[in-house]
Amino acid sequence: MDASQLIQKYYRLDKLPHIWCPGCGHGILLNSLVRAIDNLGLNKDEVVVVSGIGCSSRAPGYLDFNTLHTTHGRALAFATGIKHANPNLHVIVIMGDGDSFAIGGNHLIHACRRNIDITAIVFNNNIYGMTGGQYSPTTPYGDLAATAPYGNPDSPFDICQLAKGAGATYIARGTAYHARELDKLIERGIKNKGFSLIEGLSMCPTYYGRKNRKGSAVDMLKFFKDNCIDKRLVDNNPQLGEGKILIGELYKSTRPEYTESYKAIIDKLKE
Amino acid sequence: MDASQLIQKYYRLDKLPHIWCPGCGHGILLNSLVRAIDNLGLNKDEVVVVSGIGCSSRAPGYLDFNTLHTTHGRALAFATGIKHANPNLHVIVIMGDGDSFAIGGNHLIHACRRNIDITAIVFNNNIYGMTGGQYSPTTPYGDLAATAPYGNPDSPFDICQLAKGAGATYIARGTAYHARELDKLIERGIKNKGFSLIEGLSMCPTYYGRKNRKGSAVDMLKFFKDNCIDKRLVDNNPQLGEGKILIGELYKSTRPEYTESYKAIIDKLKE
Amino acid sequence: MENKKELILNKEWCKGCWICVEFCPKQVLDMKDGKCQIVNLEDCIYCQLCEIRCPDNAIYIKTVGGNDHD
Amino acid sequence: MENKKELILNKEWCKGCWICVEFCPKQVLDMKDGKCQIVNLEDCIYCQLCEIRCPDNAIYIKTVGGNDHD
Amino acid sequence: MFEKLEMRLSGSGGQGIVLASIIFADAALQGGLNVVQTQSFGPEARGGASKSEVIISKDNIKYPMVTKPDVLLALTQKSYEKYVSDLGKDAILVVDEGVEVNGVAPAKVYQLPIIKTAHERIGKSIVTNIVSIGALYNIIAKDLIDLASMKKAIANRVPPAFVDLNIQAFEEGIKLTV
Amino acid sequence: MFEKLEMRLSGSGGQGIVLASIIFADAALQGGLNVVQTQSFGPEARGGASKSEVIISKDNIKYPMVTKPDVLLALTQKSYEKYVSDLGKDAILVVDEGVEVNGVAPAKVYQLPIIKTAHERIGKSIVTNIVSIGALYNIIAKDLIDLASMKKAIANRVPPAFVDLNIQAFEEGIKLTV
Amino acid sequence: MTNGQNYILAQGNEACVEGALAAGMKFFAGYPITPSTEIAELSAQRLPQLGGKFIQMEDEIASMAAIIGASLAGVKAMTATSGPGFSLMQENIGFAAMAEVPCVIVNVQRGGPSTGLPTSPSQGDVMQAKWGSHGDYPAIALTPNSVQESYELTIKAFNLAEKYRTPVVLLMDETVGHMREKLILREEREIEIINRKKPRVKPEEYIPYKADEDLVPPMASFGEGYRYHVTGLAHDETGFPTNNHKIAGQLTERLVRKVKLNIDDFSYYEEYRLEDAETVIVAYGGVSRSAMLAIDRMREQGRKVGMFRPITIWPVLEKELKALSGRAKEIYVAEMNLGQYYLEVDRIAGKRCPVKKINKVTGELITPDEIIDAIDGGK
Amino acid sequence: MTNGQNYILAQGNEACVEGALAAGMKFFAGYPITPSTEIAELSAQRLPQLGGKFIQMEDEIASMAAIIGASLAGVKAMTATSGPGFSLMQENIGFAAMAEVPCVIVNVQRGGPSTGLPTSPSQGDVMQAKWGSHGDYPAIALTPNSVQESYELTIKAFNLAEKYRTPVVLLMDETVGHMREKLILREEREIEIINRKKPRVKPEEYIPYKADEDLVPPMASFGEGYRYHVTGLAHDETGFPTNNHKIAGQLTERLVRKVKLNIDDFSYYEEYRLEDAETVIVAYGGVSRSAMLAIDRMREQGRKVGMFRPITIWPVLEKELKALSGRAKEIYVAEMNLGQYYLEVDRIAGKRCPVKKINKVTGELITPDEIIDAIDGGK
Ligand SMILES: Cc1ncc(C[n+]2csc(CCOP(=O)(O)OP(=O)(O)O)c2C)c(N)n1
Ligand SMILES: Cc1ncc(C[n+]2csc(CCOP(=O)(O)OP(=O)(O)O)c2C)c(N)n1
Ligand code: SF4
Ligand code: SF4
Ligand code: SF4
Ligand code: SF4
Ligand code: SF4
Ligand code: SF4
Ligand SMILES: [Mg+2]
Ligand SMILES: [Mg+2]
């Protein structure tokens, strides 16, 4: 399917253009999700896209699926209810870095732990975009933000490490620059029977970029290009990874999936 | 100081005996904390012990420090306010496995991330004791609990792994059986300039033990004895660790501590 | 029938972020009055690099004709 | 003056959990009417294993006399 | 004629006082009477209640709490002391023999070896509660509830493997008062 | 005599409309007048407001919103269309020259090359807002607020490194209307 | 638990679960808290037996979120908690109200404020059940005074939630939640079950938030082919966020009105010896049981006392309370709080007759004697 | 921001921060949310300049917890939020009330329910400010109608929090929070600052929850040598949990009473052209500004209209509203909600004169014309 068909098929055309600022990375990531879903040939009626609150969380409104825009930080808890109630649905959750890892951090680690078959995509722009550029749990130490006028005294999470510690069974990182590769990462995340976390490095030129003199959206994309490296390359040659951000599939494992474990209980009681 | 002096000095004698059931492991762990504090020679007036809600969280009430029994899951957030407001205080937080990692999970990972100089001790009995034996995020898969009558379909956290993923700079695990060793682990946790997490394996014979036929408190202590092994032994001989629970100091690192980073800002503004 | 590729620019949706302009390997695109414009269609190699990074679905390649069962 | 060790049992606080009884290496202790009791003081080696695992501070070793600056 | 019976069962947490009262209530309910059973808890839920009440009545029961107990069971000294003052002169007091009844008491007092019976005759102190209801049943309820209902209620509320043991405990309880 | 001036500034998010109105309000305040400045936002805070209002008054200002604007600044076609109908006959309309004034308009209309001036004469479209207030000042406020107050207000509200540039933009704005 | 007959001895909490199952509950998400925990525990046991789902979430915020999610996926869902958890649920209760997602929240009230008296009864969350979330939103709350009624009202709570597409609160108190009484389990055919209105149009024609005349829009489930958008932002009939102030205002008004407008449909209350009563006790939940005994005793002394018991506690029974004020000489509102429902009774009835309070916050049920004394003392 | 003079142009939100600093705020914990965010941002900038501490917490629950912790450690602490965050804070607000920890919570109200209208003004959280947490607890809430008053009331909020050892809510609305007006920054000597009562006894004699005659116990800070216990459970004077029902009940009653008893100490209100008014508009916050203009216009027509503006919105100004009902012919309560404060006005004043509502929930400030029309329409 070409782009024009994808747009026709998956977007709510009357809602476009979306509200995001010029050069906001979120639109690029969203297209990756659309291509991944298309590649997998999922039935649109069976796809549910859930989000919290934030610029990123406006994404579901543009997509022609069952879409749910919840409260700030709670998307995964709503999604857990949906998936557990009807495991046939493909449940995909889009969240910002604040939404998922600040206020929503607990739901995230518990979704990882439960290994419930949900795919979470974090649009990480290292800032609270929606509220005007306050620091988030992924804003680097020392960076500037609306609430960090003297440099952020707070250290960031490596959210992929955190998800691993919490028990997610598929973890990947992509960027808005490496959009094609991101398609595949999301695709594999959706295919994973269990909880998948995909960190998509996005850019907020309006706040994070401007406050930290990271230049335009173009400059920020170039930063991703120059500073990210695929984990597979580093696996073979660890030196390459020095000072770089690892992207690609970072971690994969197998554990009982929550709704299947529950189904086993129901089935056993039926006997 | 011998035990009778320790009790005299650190306990609120008129509150004893505590409300815990016969054989509850929490009392053993609490004694370890007292010995650790005594070994460090901390000034009682400068020690603050904070807890949430749960059987474990009743602990501070028995100790003659500044003590704060907060809301369920929120102890670390209160503690963060105390420590940030007055970094001279030694802030120690006691939580149950539910308190710290179910409802309180978010505050825990953020305290780890901030690397704020607080020592958190989790009294992990793999169950919600206070409310009568429902499964917690550390109840093993398949085990029985008041809300898991057919076996727990939910997988547990390895809370030390999770704390590591979140960025804690000192992580250790001890047990009620290995109480002497636990003293040292807590001592080192308090000494660490940053966020320390100590998982203390406790036992709840009343609920977890009874429901899962783990026998008496004595049997449960013996289980710790037989199934735990010090990490240092395993480091030298990985085979020894198979099927065992690692105890001892599991992880240590150095990163900027939150209140110090903040102090640097204030100092710089003064210049 | 052979597939024909077409470079589509939807100015209504374009927000003028420069991304496509800068990442086009063939300098096919430019910016005018805050909107992208196609200035060098003949050089276009239909590599989709503009499409893949346009945050606004405002520029993309359309395949005209060709196998319907694609 | 030499230190003298004393095994103290506080029946008020004892909840009869058996822990000290079972883990005493010298069978010094026993259970009676739901409370610990000292049955073999002479065998006690003051190893503090009871003290260290009693959840209720109900049994412990007290050092009488000795260096005050301890 | 029987109108209403208000019972209070008390002891220490873990003595199964609540279960005992439930069994009583259940049996009465099966016998076509109105019942309300309540209990009071310690901090949060942990520990289990040490006081439980049952009202059995011909009529609908409005206020669900016992105001003037017709009978008080006290298995411990503490519970005796806490609740004895609520008893009227005509009430019945049933205590374990370990409880020292120091003057304050209604007309009728039964001092019975309940704990000992459970421990020695059944060999399981966990059935103390069932021994108690045997005694209580015989003292106060045998005209209200038939024996079969009581036994059925016990059987319904204890683990299957322990039904016989508990029925036996119940009968031992009855024997204490004959 | 001057009693009250109600201004509405409009444009697209990012054109610095709010800052422009703040500078106006600040200058008037420094001149001893009463002021209220308000704005309206898009979804959550993001994007920035595209409408901002200032009321300048001798008296205390009660209702803080503009009801009948004395002057409307509209930098975009959209904002012109959205707000022009609120203008009374005596009001003043100031639009960028790019805005097509299609009949609906009050008596006094100024169509000025504001955006172009910012872009071409100052070389920074970011100062569009300051050019605007230069024009507005000269049209409607020069009897109310002295020039020094305006300049001081600008200097106080823009980054130190850009003070001169903005003062220059302000002066260019004034020139548009002389 | 059953014993072969169609009635059993059960706790209020247990009756609530049986009622929920009878109403068609297929999903329960919760987090344990005294004195509601039995509801979670019994749900964990019973639901999978019936092919339903139980989940213990990480906290009450997540529990509330999960039942909303489940309900959107098409199943009837419930959670249960007590004060501290109820406080935590408020944000998402507001979401359910705004997005019009049917669900049932049980609050078994314990002594507050804060951790308070976890094992003691209270009626301290009455006002919170209406005002706990920010903004104006519709609140329906029912409050039982017996085990049997816990069962019946849970069924009604589900029916109202489904009918009006709104969260419904079952406001129990520890007295009722933990007492054991006879519970008659009804036959399926005896029970009226209401299910949410489904769209009767094709997906292309579905306008998800366009209300019918009853002000309630039909509701499709996720996965059924109607792909629509749900948000907690102010939205228009299509369900998408709007910046149109008028439409936003109309939405809030409709949400509140759809419940108020239909209040006659669920104005549940009980009158006890009220015919000729000059002194009226307004009491609900556990306290109404004390009030009945107090009334019986006072009647024995020849005093004209009766009780009005609101069962629907929110929206307030404006019509009935007004009528009451026309015939009573004085009204006492007896509650296990410091006077919450009193405020509404005073507002509505106080214009025509004096309204007084009888309050108790010790964590004990108000006794009949205390009611009698208060009334006598008020003389 | 200052310009050499002692007044500046500032937003209500900024004025709030300046007021807090003037009152001695040394700690701010918060989580950004529109339309309160400027309060966090300015605090982040200003506090470290003065040796104070700012922290951005992971959510609003944690923010509320952190300010309680900081206050226990001895510093004056504040948080700021809007509806959704205010809902999340409720559990810990109840804790602060129960444990008697002074602190200030600013709620800049936006359109609700749920995510609602994040950038639009509203007064939808008025009832929540009193009833948002479970159980009965004391609520103090102040509501400013100008930038200057935002400053003054923030100082008062701190003073009341310290004086009564209780959380105090500054209930702003987006209109006031985001408008810019003149702000006079007072000199230190002009400002009355109240600090919490400290124990005047030695640590051994300190009974942390033994109240003085004003019903407020002196408060020691952690680290000062008074090692005491703080809990959200019902507790006795020593601060330790109690199972004694009577003591538990007395505690709740004292908490509520200490505020009610002293209401005259902080009954703030404004009367506008009220002397001879027959029609009284009750309005507060942003809406009161519209009401004043409406009144001016109606007065021009010779109509006897005036305004009563509660500044202390909780506890309700019972005495003043009652007095009002004695002299007014009719009362209109104008609010940006569906009639919340109205309920209390109706209850208190409705016994003597009719009380009507003027409501708007579109996310726009009620206009003077709308008020006039409503009153005329009510004719
Ligand atoms: C309970 C609650 N707290 C705070 C907010 C305000 N808020 C909205 S979005 C947001 C953060 C957005 O940041 P992020 O999740 O990183 O998404 P982005 O906008 O950067 O894509 C915040 C704090 C809210 N809506 N609800
Ligand atoms: C907000 C809230 N939710 C639920 C509860 C009920 N509750 C009290 S303690 C507890 C869990 C206790 O388990 P854990 O933290 O493991 O401590 P333990 O009792 O096992 O030591 C729960 C769920 C509460 N008090 N507050
Ligand atoms: S504020 Fe940042 S994250 Fe939000 S739309 Fe703009 S660029 Fe994107
Ligand atoms: S219930 Fe379990 S955790 Fe709680 S006191 Fe008893 S043994 Fe300890
Ligand atoms: S397809 Fe490739 S060559 Fe053509 S315009 Fe796009 S980026 Fe340039
Ligand atoms: S990338 Fe898209 S939005 Fe950006 S300039 Fe090109 S066409 Fe326009
Ligand atoms: S000190 Fe050692 S030997 Fe003595 S009683 Fe204790 S455990 Fe036994
Ligand atoms: S370990 Fe302690 S509590 Fe347990 S039996 Fe021994 S003395 Fe008693
Ligand atoms: Mg972000
Ligand atoms: Mg536990």
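Computed from a prediction, not measured in an experiment: that's the story for all the values here.

Where do I start with the overall build of chain G in this structure?
For chain G, the count of helices and strands is 12 helices and 16 strands. The C-alpha radius of gyration computed for chain G amounts to 21 Å, which stays within 12% of the reference 21 Å derived for 379 residues, consistent with globular compactness. The principal-axis extent of the C-alpha atoms belonging to chain G is close to 70 × 50 × 40 Å. Looking at chain G residue by residue over its 379 residues, the buried ones come to 74%. Taking contacts inside chain G between residues at least 6 apart in sequence as the whole, the part at least 24 apart equals 76%. For chain G, the exposed area adds up to about 10300 Å²; of that, 46% sits on carbon and sulfur atoms. Charge centroids of chain G, computed over 43 positive and 50 negative side chains, lie 4 Å from each other.

Is there a simple way to explain the interface of chain B and chain A in this structure?
In many reports, interface size means the accessible area that the parts give up when they come together. Taken together, the contacts link 30 residues of chain B with 30 residues of chain A. Carbon and sulfur atoms supply 61% of the area buried between chain B and chain A, which totals about 2500 Å² over both sides. Where chain B packs against chain A, one counts 4 salt bridges. At the junction of chain B and chain A, the tally comes to 17 residue pairs in polar contact (both at pLDDT 80 or more). Of all the elements in the fold, those that place two or more residues in the side of chain B that touches chain A are α5 (105–114), α6 (159–166) and α11 (258–270) of chain B. Each residue belonging to the side of chain B that touches chain A can be placed in one class, and the counts come to 17 nonpolar, 8 polar and 5 charged.

Just to check I follow, could you spell out the domain arrangement of chain G for this structure?
Residues and elements named next belong to chain G. Taken domain by domain, chain G holds domain 1 (1–266) and domain 2 (270–377). Measuring from the centre of the C-alpha atoms in domain 1 to the corresponding centre in domain 2 gives 28 Å. Taken residue by residue, the interface counts 31 residues in domain 1 and 28 residues in domain 2. The junction of domain 1 with domain 2 conceals about 2200 Å² of combined surface from both sides, 57% of it contributed by carbon and sulfur atoms. Put simply, domain 1 and domain 2 have 3 salt bridges between them. Residues R309 and E149 are paired through a salt bridge, measuring 2.7 Å at the closest nitrogen-oxygen approach. Scanning the region where domain 1 abuts domain 2 turns up 18 residue pairs in polar contact (both at pLDDT 80 or more). Elements with a contribution of two residues or more to the side of domain 1 that touches domain 2: β6 (117–121), α5 (126–131), β7 (140–142), α6 (147–164), β8 (167–173) and α7 (174–178). In terms of residue count, α5 provides more of the side of domain 1 that touches domain 2 than any other element does, 4 residues in total. Looking at the side of domain 1 that touches domain 2 residue by residue, the classes come out as 17 nonpolar, 8 polar and 6 charged.

Any chance you could explain the pairing of strand β5 (residues 170–175) of chain B here in plain terms?
Residues in a regular strand point their side chains to alternate faces of the sheet. Burial analysis of β5(B) places 6 of its 6 residues in the buried class, which makes it a mostly covered element. With respect to chirality, the unit in which β5(B) leads through helix α7 (residues 179–191) of chain B into the neighbouring parallel strand β6 (residues 196–201) of chain B is right-handed.

Could you clarify how one ought to interpret helix α8 (residues 245–261) of chain G in this entry?
Structural remark: α-helix, 3.6 residues per turn; residues separated by three or four positions point the same way. For α8(G), built from 17 residues, the straight-helix expectation of 24 Å at 1.5 Å per residue is met to within 8% by its first-to-last C-alpha distance of 23 Å. Restricting attention to buried positions, one finds in α8(G) the residues A248(G), G249(G), L251(G), T252(G), R254(G), L255(G), V256(G), K258(G) and V259(G). Where α8(G) is buried, its residues meet α4 (83–99), β7 and α6 of chain G together with β6 (117–121) of chain H. Residue N244(G) occupies the N-cap position of α8(G), its side-chain oxygen lying 2.9 Å from the main-chain nitrogen of K246(G).

Explain the coordination of the magnesium ion (ligand 9) here, please?
By definition of the ideal shapes, a tetrahedral metal site with four donors has angles of 109.5 degrees and an octahedral site with six donors has angles of 90 or 180 degrees. Residue and element names in this part refer to chain A. Distances from the magnesium ion (ligand 9) to its protein donors, D97 (OD), N125 (OD1) and I127 (O), fall within 2.0 to 2.1 Å. Donor residues for the magnesium ion (ligand 9) sit on one chain with the sequence pattern D-x27-N-x1-I. One exposure class covers both N125 and I127, and it is buried.

How should I be thinking about the packing of aromatic side chains in this particular structure?
A ring pair, where both rings are aromatic, is described by two values, the distance of the centres and the angle of the planes. Counting across every chain of the model gives 34 aromatic pairs over all chains. Three or more aromatic residues joined by ring pairs make a cluster, and in this case those are Y206(G), F222(G), Y226(G) and Y228(G). Sitting over the ring of F157(A), R113(B) keeps its end group 5.3 Å from the ring centre.

Whenever I open this one, the site of ligand 7 confuses me. Can you help?
In the vicinity of ligand 7, 13 residues are found, and the nearest of them are C24(D), C44(D), C47(D), Q48(D) and C50(D). Tallied by class, the residues present in the shell around ligand 7 amount to 12 nonpolar, 1 polar and no charged.

Is there a simple way to think about the relation of the copies chain B and chain A in this case?
A rotation about some axis, followed by a shift along it, carries one copy of the chain onto the other. Mapping chain B onto chain A is achieved by rotating through 180° and translating by 0.0 Å along the same axis, at an RMSD of 0.0 Å. The transformation just described matches what one would write down for a two-fold rotation axis. Of the interface residues in chain B, 100% have counterparts in chain A that sit at the interface too, so the contact is made through matching surfaces.

Would you explain the relation of the copies chain H and chain G in this entry?
Between chain H and chain G, the superposition needs a rotation of 180° and an axial shift of 0.0 Å, giving an RMSD of 0.0 Å. Counting the interface residues of chain H, we find that 100% of their copies in chain G are interface residues as well, pointing to one common contact surface.

Even after reading the chapter, I still don't get the nonpolar core, so can you show me in this structure?
When a protein is soluble and globular, its nonpolar side chains tend to lie buried together. The biggest cluster of nonpolar side chains holds 453 residues, and the ones touching the most others in it are I331(G) and I331(H). Those residues within four positions of I331(H) in sequence are excluded, and the remaining contacts are V280(H), V282(H), L324(H), S325(H), V345(H), A349(H), C353(H), P354(H), V355(H) and K356(H). Counting residues in each nonpolar core, the second largest holds 50 residues, with M7(F), A25(F), A141(F) and A153(F) among its members.

I would appreciate a short explanation of the site of ligand 8 in the present structure.
Lining the immediate surroundings of ligand 8 are 14 residues, of which C14(D), K15(D), C17(D), C20(D) and C54(D) lie closest. Counted by class, the shell around ligand 8 contains 11 nonpolar, 1 polar and 2 charged residues.

Just to check I follow, could you spell out the sheet that holds strand β16 (residues 355–359) of chain H for this structure?
Whether parallel or antiparallel, the strands of a sheet pair through hydrogen bonds between backbone atoms. All names here are of chain H. Spatial strand order, β11-β13-β12-β15-β16: 5 strands in an open sheet with mixed pairing. Since the sheet does not close on itself, it has two edges, and those belong to β11 (269–272) and β16, each with one partner. Going from strand to strand, the sheet's axes swing by 20° on average, the running direction of each strand aside. Note: strand β15 (residues 330–335) against β16, 5 bridges, orientation parallel. Residue pairing for β16: I331 is matched across the bridge by V355.

Cut-offs used in this document
- Residues numbered from 1 in each chain as written.
- Chains lettered and ligands numbered in written order.
- Predicted model: local features only at pLDDT ≥ 70, side-chain atom pairs only at ≥ 80, totals over all residues.
- Heavy atoms only, no water.
- Helix = DSSP H or I, 4+ residues; strand = E, 2+ residues; numbered from the N terminus.
- Rg over C-alpha atoms; globule rule 2.2 N^0.38 Å.
- Buried < 20%, exposed > 50% of the residue type's maximum accessible area, 1.4 Å probe, protein only.
- Contact = heavy atoms within 4.5 Å.
- Areas by Shrake-Rupley, 256 points an atom, 1.4 Å probe, with all protein chains shown as cover.
- Lys, Arg positive; Asp, Glu negative; His and termini not counted.
- Charge placed at Lys NZ, Arg CZ, Asp CG, Glu CD.
- Buried area = accessible area lost by both parts, 1.4 Å probe.
- Salt bridge = Lys/Arg side-chain N within 4 Å of Asp/Glu carboxyl O.
- Polar contact = N/O pair within 3.5 Å; in protein donor to acceptor, adjacent residues only side chain to side chain.
- Nonpolar A, V, L, I, M, F, W, Y, C, P; charged D, E, K, R; others polar.
- Domains from an automatic or database assignment.
- Right-handed = clockwise from strand over helix to strand, strands pointing away.
- Expected span 1.5 Å × (residues − 1).
- Donors = N, O, S within 2.8 Å, 3.2 Å for Na, K, Ca; no water.
- Phe/Tyr/Trp six-rings, centres within 6.5 Å; stacked < 30°, edge-to-face > 60°.
- Lys NZ or Arg CZ within 6 Å of the ring centre and 35° of its normal.
- Near = heavy atom within 4 Å.
- Least-squares fit on C-alpha atoms with pLDDT ≥ 70 in both.
- Core = buried A, V, L, I, M, F, W, Y, C linked by side-chain atoms within 4.5 Å.
- Pairing = 2+ DSSP bridges.
- Axes fitted to C-alpha atoms, helices over the stretch in contact; angles between N-to-C directions.

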